[in-house]
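Residues per chain are reported as follows:
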Amino acid sequence: MNPRPDPNELTAPDDGIARGGVLLDVKNVSLSFGGVKAITDISLNVLKGEIRAIIGPNGAGKTSMLNVINGFYTPQEGTIIFRGKERRSMKPHQAVGQGIARTFQNVALFKGMSTLDNIMAGRSVRMKRNIGWQMLWHGPALREEIEHREKVEEIIDFLEIQHIRRTPVGKLPYGLQKRVELGRALAMEPTLLLLDEPMAGMNLEEKEDMSRFIIDVNQQRGTTIALIEHDMGVVMDLSDRVVVLDYGKKIADGPPDEVKNNQNVIDAYLGVPH
Amino acid sequence: MFYRTAGQFKTSYEADHALFPVRQDAILLGVILIFAFVIFPFTASEFAFRALLIPVLIYSLAALGLNILTGYAGQLSLGTGAFMGVGAYACYKLVSIFPEMNIVVAIALSGFFSAAIGVLFGLPSLRIKGFYLAIATLAAQFFLVWLFQKWAWLYNYNASGAIQVPNIDLFGITVAGPRATAMAQYYFVLCVVCAITFFAINITRGRIGRMWKAVRDMDIAAELVGINLMRTKLMAFFVSSYVVGIAGALFVFLWRGAAEANLFDIPLSFRVLFIAIIGGLGSILGNFLGAILIVALPVIISSVPGAFGIPVDSAMVEHLNIMIIGALIIAFLIIEPHGLARFWAMIREKFILWPFPH
């Protein structure tokens, strides 16, 4: 086993934004598919170093919001400023280059590959040796491979998945797959990590493990996290600030205690006659 | 039994990334290479070279090329035969325009022609997947074979419409053409196949191989971990068509000696696809196992019943061959989609655990 990694070494690359400064600023974004309005005029920001939760009933536009942030959808209106740079449309692989990584609501791992290869694939963008060196294998390509393997092993240690390193992920139970997916996202060394329902379908113990990993990622690595989650207990305990969406509109935004007592939120969750 | 992983500890990542983490695998490969380089050449007859050894190697190489595309990157192609044709015709034109060019250089360059054509016909893969992509590559198959027939410049305006391989020397030994000996051709093909297999293993186990497999397993997730889908897919088409083109050049120059356009028609594409499927998609070893089976099967059918006194005429051999291959394809698709390579992996696993059941 590797020695516990030094937290100072692992902090995300410095981008001139102090802890607590605005990392991501979404301004007046609207997204629609034909006549269906998924998101209507939503503004929200994510501060560097915080855990930000996005909650709301089914179909509220939470996942669409994440898809807008990481470039999978291009909003019809509004602007997105990430790390001080404004952008309108971009490809998802460019978002990765800027430091945004994410996990999925339904696990989206590479089923035929081992845990190790899945996490190594998360580092593809950081590996530079071209096909000529890859063909020869020995020399620079191998050195690069080992350098990245060391980083990946740190993540494997961190997530306590050493025993499944060589197992094809298709054969793993759901809870572990979720953990491997988190590992793959961490391998990208993101500045902003988007988690789409990291605890969906887990039992209490697995939820506790996952919560601990999320807090550790946030505190040890200094990664900013935006997450969607339905388990209110988890959301209220983990997050620094919560934004609530309903029918594509923002209905509340603030610290957990404030949001919990907001009448609009209670109405949206309990339902009121319209 | 022979396989024991006990006591073989890895103390560095370099050792863990070695080609043969288990020492016995390296020994086994060494034995196979000794057979291939030393024992076969001194024991094989002219017939064995021409009917078994050389075609097995060339078909393995073609299947390896297809496997990179279909087995690793997940892009189905039915145009392999035509891409082999591009390699063969490119090599023929290079040799006729520059007669003094070294044959190794000519073959290596001809791969680039088929790689370029492969990338061109791979462009639809950016939009379509699966069966629809297969149909797009089928278009390449028909178009290219038509081009081979109609564009007389390609076969130097021969009256027969066929390409004839001239005598070509390499270091004073004739390796291609009517004067070449089977043994010289065998060694030439063996060296090329070994070199390309080595490169292919390295590419598929490193960063690029992982990117291909990621695209195969879930393309949306691949894009969201930062993989550029367009570049990755086109690179798969490039590398795959390069290898297939080399196989095509060897096919004509080192084995058949002459070729007409219809040699590269769809039966050849299917034959290579069958080898890749029976051998195992997503495996390097599988191509060799599949090629051995497909090439050896007609030889076995024609010789084994004869040895027991049952007469089998050549038409019967052909029919039996087609029927058995068809049955094998269906059986493999149902029972073991990962083909012969997976069978070997299971046997190896048993050897390692023996005498314990699991």
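Up top is the structure these notes are about.
The paragraphs below set out a description of the structure included in this document. Since this is a predicted model, take the numbers as computed values, not measurements. (Residues numbered from 1 in each chain as written. Chains lettered and ligands numbered in written order. Predicted model: local features only at pLDDT ≥ 70, side-chain atom pairs only at ≥ 80, totals over all residues. Heavy atoms only, no water.)

**Notes on the pattern of salt bridges**
Residue and element names in this part refer to chain A. The condition that has to hold: By salt bridge we mean one thing: a side-chain nitrogen of Lys or Arg within 4 Å of a carboxyl oxygen of Asp or Glu. In this description a helix means any DSSP run of H or I spanning at least four residues, a strand means any run of E spanning at least two, and both kinds are numbered starting from the N terminus.
The final tally for this structure, using the stated rule, is 19 salt bridges over all chains. We note a salt bridge from Glu153 to Arg165, for which the minimum N-O separation is 2.9 Å. Here Glu153, found in helix H6 (residues 140-159), pairs with Arg165, found in the loop between H6 and helix H7 (174-187); they are twelve residues apart in sequence, far enough to count as distant. Counted as one network, the salt bridges with shared partners bring together Glu50, Arg52, Arg241, Lys250 and Asp253.

**Considering empty space enclosed by the protein**
All names here are of chain B. Put simply, the test is: With a 1 Å grid laid over protein atoms only, a set of points is called a cavity when a 1.4 Å probe fits there but cannot get out and a pocket when it is open yet has protein on both sides within 12 Å along at least five of seven lines; lining residues have an atom within 4 Å of a point. Grid points are joined across faces, edges and corners, and a volume is the space filled by probe spheres set on the points. Polarity classes work like this: nonpolar for Ala, Val, Leu, Ile, Met, Phe, Trp, Tyr, Cys and Pro, charged for Asp, Glu, Lys and Arg, and polar for all others, with Gly in that last group.
Across all of its chains, the model carries three cavities of 30 Å³ or more by this definition. As for the largest cavity, its lining consists of Leu66, Leu69, Ser77, Thr80, Phe83, Ser240, Ser241 and Val244. Listing elements by their share of the lining of the largest cavity, those giving two or more residues are helix H3 (46-72), helix H4 (80-97) and helix H10 (229-256). Top element by residues in the lining of the largest cavity is H10. It accounts for three residues. Looking at side-chain class alone, the lining of the largest cavity contains four nonpolar, four polar and no charged residues.

**A closer look at unusual backbone geometry**
Residue and element names in this part refer to chain A. Using the following cut-off: In this scheme, a residue with accessible area under 20% of its type's maximum is buried, one over 50% is exposed, and one in between is partly exposed, where area comes from a 1.4 Å probe on protein chains only.
Not every positive phi belongs to a glycine, and Asp41 is a case in point at roughly 45°. Judged by its relative accessible area of 47%, Asp41 falls in the partly exposed class. Positive phi values are uncommon outside glycine, yet Glu160 reaches one of about 55°. By the secondary structure assignment, Glu160 is in the loop between H6 and H7.

**Comments concerning the sheet that holds strand S2 (residues 36-47) of chain A**
Residues and elements named next belong to chain A. For clarity, the threshold we go by: A strand pair is defined by DSSP finding two or more bridges across the two strands. Helix axes use the C-alpha atoms of the stretch in contact, all axes being lines fitted to C-alpha atoms, and the angles between their N-to-C directions lie in the range 0 to 180 degrees.
An order of S2-S1-S4-S5 is seen for the four strands of this open sheet, with the pairing classed as antiparallel. Every interior strand has two partners, whereas the edge strands, S2 and strand S5 (85-87), have only one. If you compare each strand with its neighbour and ignore which way they point, the axes differ by 20° on average. Both strand S1 (residues 22-33) and S2 contribute to a ladder of eight bridges, which runs antiparallel. Residue Val26 lies in a different strand from S2, and its bridge partner there is Leu44.

**A few points about the pairing of strand S3 (residues 173-176) of chain B**
Both faces of the sheet carry side chains from a regular strand, because those side chains alternate between them. Pairing between strand S2 (residues 168-170) of chain B and S3(B): three bridges, direction antiparallel. By the bridge assignment for S3(B), Ile168(B) is matched with Ala176(B).

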